[in-house]
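Inside the fold
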Amino acid sequence: ASIYIYVADASAVSVDSAGRLYVSDSCLHSNTVLRAIYDRGTVYATGGSRITLKTSEVFAYGKSGAFQGPQAVYALGAGSLINLTDCYVFGNTNAARGLYTQAGGKIVASECNVHTYRTGGGAAVATSGNDGGTITLRGGQVWSHGAAGSAAFYSTGVINATSVMAGADLAEGACVDG
């Protein structure tokens, strides 16, 4: 990896206020260590910002017993966009998601593999809240492993998936709410 970032209780990459960032060939880690709740993403776009991530790995870890750990990739708010190409996304926290949008955020993922483990109440790919946002997937895989209530896809917004292999252990493959 060209860039390796490991942080505790913060985003490895956070862009706000209509900022722009391009990252390639990198490994990004975020770990919830001290906080009981950390709801940002390892990769986090808000305030109309845009992030492009290519051939990279994104990891989100949480402490056991925490209500919610970090999301792996999180776009929050109208105009916020994260583009991923040929990336591996991994979540291993309670109630965390691999790809997550809220309030009109957008994620576009091409040929990415998204895996979440031990994520009670979280989905591997999720849009939620008012105007949950949009996630578009082209190719790749989506898997939610090891917890009831953790669907591969969960949506109160829009999820478009084309040529994606997906599955969930102990939960629905897809759950559309509202």
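Reference entry: report on the structure contained in this document. (Residues numbered from 1 in each chain as written. Predicted model: local features only at pLDDT ≥ 70, side-chain atom pairs only at ≥ 80, totals over all residues. Heavy atoms only, no water.)

Moving on, we get to the overall build of the protein chain. The number of helices and strands found in the protein chain is zero helices and 18 strands. Sorting the 178 residues of the protein chain into buried and exposed places 52% on the buried side. Counting every atom, the protein chain has about 7400 Å² of accessible surface; 51% of that belongs to carbon and sulfur. (Helix = DSSP H or I, 4+ residues; strand = E, 2+ residues; numbered from the N terminus. Buried < 20%, exposed > 50% of the residue type's maximum accessible area, 1.4 Å probe, protein only. Areas by Shrake-Rupley, 256 points an atom, 1.4 Å probe, with all protein chains shown as cover.)

Positive phi, close to 50 degrees, is recorded for Asp25, a residue that is not glycine. Assignment of secondary structure puts Asp25 in the loop between strand E3 (20-24) and strand E4 (26-31). Look at Asp25 and you get partly exposed, because its relative accessible area is 37%.

In protein structure, a disulfide is the covalent linkage between the sulfur atoms of two cysteines. Under the definition given, this model contains zero disulfides. Cys87 provides the cysteine sulfur closest to Cys112, a residue in no disulfide bond, and the two sulfurs are 4.6 Å apart. (Disulfide = S-S within 2.5 Å.)

One pass over the structure, following the stated rule, counts eight aromatic pairs. Here the aromatic rings of Phe90 and Tyr117 are separated by 5.4 Å at their centres, their planes lie at 35 degrees, and the arrangement is tilted. A residue pair is termed long-range when its members are at least 10 positions apart, and Phe90 in strand E10 (residues 88-92) and Tyr117 in strand E12 (residues 106-117) qualify at 27 residues. Residue classification places Phe90 among the buried residues on the basis of a relative accessible area of 12%. An aromatic cluster of three or more residues is present, and its members are Phe59, Tyr61, Tyr88, Phe90 and Tyr117. When the ring centre of Tyr100 is taken as reference, the NZ or CZ atom of Arg97 above it lies at 4.5 Å. (Phe/Tyr/Trp six-rings, centres within 6.5 Å; stacked < 30°, edge-to-face > 60°. Lys NZ or Arg CZ within 6 Å of the ring centre and 35° of its normal.)

All right, on to the nonpolar core then. A general feature of soluble globular proteins is that nonpolar side chains tend to end up buried together. Membership of the largest hydrophobic core comes to 31 residues, with the highest contact counts inside it found for Val73, Ile82, Leu84 and Leu99. Of all the secondary-structure elements, those providing two or more residues to this core are strand E2 (13-15), strand E5 (41-46), strand E6 (50-54), strand E7 (57-61), strand E8 (71-76), strand E9 (81-85), E12 and strand E14 (134-145). Element by element, the count of residues in this core is highest for E12, at four residues. Those residues in contact with Leu84 that sit more than four places away from it in its chain are Leu53, Val73, Val89, Leu99, Ile107, Val108, Ala109, Ser110 and Cys112. In terms of nonpolar packing, the next biggest core, distinct from the first, is built from five residues, Tyr44, Tyr74, Ala123 and Ala126 among them. (Core = buried A, V, L, I, M, F, W, Y, C linked by side-chain atoms within 4.5 Å. Contact = heavy atoms within 4.5 Å.)

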